[in-house]
Amino acid sequence: MNREGLVPLVSGTLFGAGLALGGMTDPARVRGFLDLFGAWDPTLAFVMGGAVLVMAIAWIVQRRMARPVFAGSFALPDRSDITLRLVGGSALFGVGWGIAGLCPGPGFASLAIRPGAAALFVAAMLAGMVLVRLVEGDR
Amino acid sequence: MILPGFPDAAPLAGLAGGVLIGLAAALMLLGAGRIAGVSGIAARSFGIASSSLPRGQAFAFLVGLPLGAVIVAGLTGAAAPALAGAVPLLVAGFLVGIGTRLGSGCTSGHGVCGMSRLSQRSLVATASFMASGIATVAAMNALGLEVLP
């Protein structure tokens, strides 16, 4: 594999390791965090806090770089418009997240831990993504 | 370490896992110049959405996710966590797929990468999916709907 392909592979592996170490591949922990009015489990806040802290430093470093280390240029989101699509779509995502205690990262990471069940979740997720694509085309 | 008032929480493991996730996203940003947003990378990888990230690289990131999880599971010897049953998994997955496409991201892209950049869109998106996730769990508890064993 070339160097360009190695960066995402190493990044994905670190990401999956972090999810598992932080307990985020355990839906009971994730749903425990969302159970704010019940037996609240704050663990997810520590995971999010640790990740955001490191990334905040990375963004400061990024601003001083002309280009990424292993690619020609940065390709980063630059939109700032708040739309119904953004808010409503995210709300819909949150309902799914709450039902099973899985979001996309832990869904894929769980393929190695609970392959059968995780494959169901991932397949349904991809089907949902395909549906959006079919309804509105490529945007 | 035990957090006062929350005996079941794992704050240190959570923080360590979070730092690893942050390093992963930082590597993607500073190395490849991209956002480590799993839903977008998944859509790109399966040809559902176009993006400037080469498809092979998107797939390589996705392959790493279970690889990293299984390495940690092997090292810690932790038991495999229980997932929900088939019906809730299918319903949840479908909603997550639709919602993350419409909302342009998930917990990683908006929650980790966007919030750390103070992106207005990501702050709003994260508030939205946190609120609906909390409401969903509260509603399911009120109705006595149990999905995990």
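Keep in mind the model is a prediction, meaning the values are calculated, not measured.

Caption draft 1: View of unusual backbone geometry. Residues and elements named next belong to chain B. Of note, S104 is a non-glycine position whose phi angle comes to about 60°, a positive value. S104 gets classed as partly exposed once you look at its relative accessible area, which sits at 39%. In the Ramachandran plot, L118 falls in the positive-phi region, its phi being about 55° despite a non-glycine side chain. Secondary-structure assignment places L118 in the loop between α5 (107–114) and α6 (120–143). Take L118: its relative accessible area is 61%, and that puts it in the exposed class.

Caption draft 2: Quick peek at helix α6 (residues 115–136) of chain A. Its 22 residues place the ends of α6(A) 31 Å apart at the C-alpha level, agreeing with the 32 Å of an ideal helix rising 1.5 Å per residue. On its buried side, α6(A) packs onto α5 (104–109) of chain A together with α2 (38–45) and α4 (86–102) of chain B. Two residues or fewer after α6(A) comes G137(A), characterised by a positive phi angle close to 75°.

Caption draft 3: Up close: the packing of aromatic side chains. Applying the stated rule across the entire model yields six aromatic pairs over all chains. When the ring of W97(A) is compared with that of F129(B), the centres are 5.6 Å apart and the planes differ by 85°; the resulting orientation is edge-to-face. In this pair, W97(A) is assigned in helix α4 (residues 84–100) and F129(B) in helix α6, connecting two distinct chains. Since its relative accessible area comes to 1%, W97(A) is described here as buried. You can call F129(B) buried: its relative accessible area is 0%.

Caption draft 4: Geometry of the confidence of the model for chain B. Per-chain confidence: chain B averages 96 in pLDDT, with 99% of residues scoring 70 or above. For this predicted complex, the interface confidence comes out at an ipTM of 0.97, alongside a pTM of 0.97.

Caption draft 5: Layout of the state of the cysteines. Counted under the stated rule, the structure contains zero disulfides over all chains. The structure places no disulfide on C103(A), whose sulfur is separated from the nearest cysteine sulfur, that of C106(B), by 6.1 Å. For C103(A), a relative accessible area of 8% puts it in the buried group. In this structure C106(B) comes out as buried when scored by relative accessible area, which is 1%.

Caption draft 6: Structural detail: the interface of chain A and chain B. Of the residues lining the interface, 104 residues belong to chain A; the matching set on chain B comes to 104 residues. Counting every contact that joins chain A to chain B gives one salt bridge. In this structure, the salt-bridge partner of D81(A) is R121(B), at a minimum N-O distance of 3.5 Å. Between chain A and chain B we count 23 residue pairs in polar contact (both at pLDDT 80 or more) in total. Those elements that place two or more of their residues in the side of chain A that touches chain B are α1 (3–21), α2 (27–34), α3 (43–63), α4, α5 and α6 of chain A. Among the elements that line the side of chain A that touches chain B, the one with the most residues is α1(A), at 17 residues. The residue inventory of the side of chain A that touches chain B, partitioned by class, reads 69 nonpolar, 22 polar and 13 charged.

Caption draft 7: Region of the structure containing the packing of α2(A) against α6(B). Here α2(A) crosses α6(B) at 100°, and the two axes come no closer than 8 Å. Comparing their axes, α6(B) and α2(A) come out roughly perpendicular. Here α2(A) contributes R31(A), F33(A) and L34(A) to the contact with α6(B), which in turn contributes M130(B), G133(B), I134(B), V137(B) and M140(B). Looking at the contact of α2(A) with α6(B) residue by residue, the class counts come to six nonpolar, one polar and one charged.

Caption draft 8: Geometry of the pattern of salt bridges. Summed over the entire model, instances satisfying the criterion amount to four salt bridges over all chains. A salt bridge links E136(A) to R85(A); the nearest nitrogen and oxygen atoms lie 2.7 Å apart. With E136(A) in helix α6 and R85(A) in helix α4, the pair connects residues that are 51 residues apart, well separated along the chain. For E136(A), a relative accessible area of 30% gives the class partly exposed. R85(A) gets classed as partly exposed once you look at its relative accessible area, which sits at 23%. One salt-bridge network, in which partners are shared between bridges, spans R79(A), D81(A) and R121(B).

Quick notes on the rules
Residues numbered from 1 in each chain as written. Chains lettered and ligands numbered in written order. Predicted model: local features only at pLDDT ≥ 70, side-chain atom pairs only at ≥ 80, totals over all residues. Heavy atoms only, no water. Buried < 20%, exposed > 50% of the residue type's maximum accessible area, 1.4 Å probe, protein only. Helix = DSSP H or I, 4+ residues; strand = E, 2+ residues; numbered from the N terminus. Expected span 1.5 Å × (residues − 1). Contact = heavy atoms within 4.5 Å. Phe/Tyr/Trp six-rings, centres within 6.5 Å; stacked < 30°, edge-to-face > 60°. pLDDT = per-residue confidence, 0-100. Disulfide = S-S within 2.5 Å. Salt bridge = Lys/Arg side-chain N within 4 Å of Asp/Glu carboxyl O. Polar contact = N/O pair within 3.5 Å; in protein donor to acceptor, adjacent residues only side chain to side chain. Nonpolar A, V, L, I, M, F, W, Y, C, P; charged D, E, K, R; others polar. Axes fitted to C-alpha atoms, helices over the stretch in contact; angles between N-to-C directions. Parallel < 35°, antiparallel > 145°, perpendicular 65-115°, else oblique.

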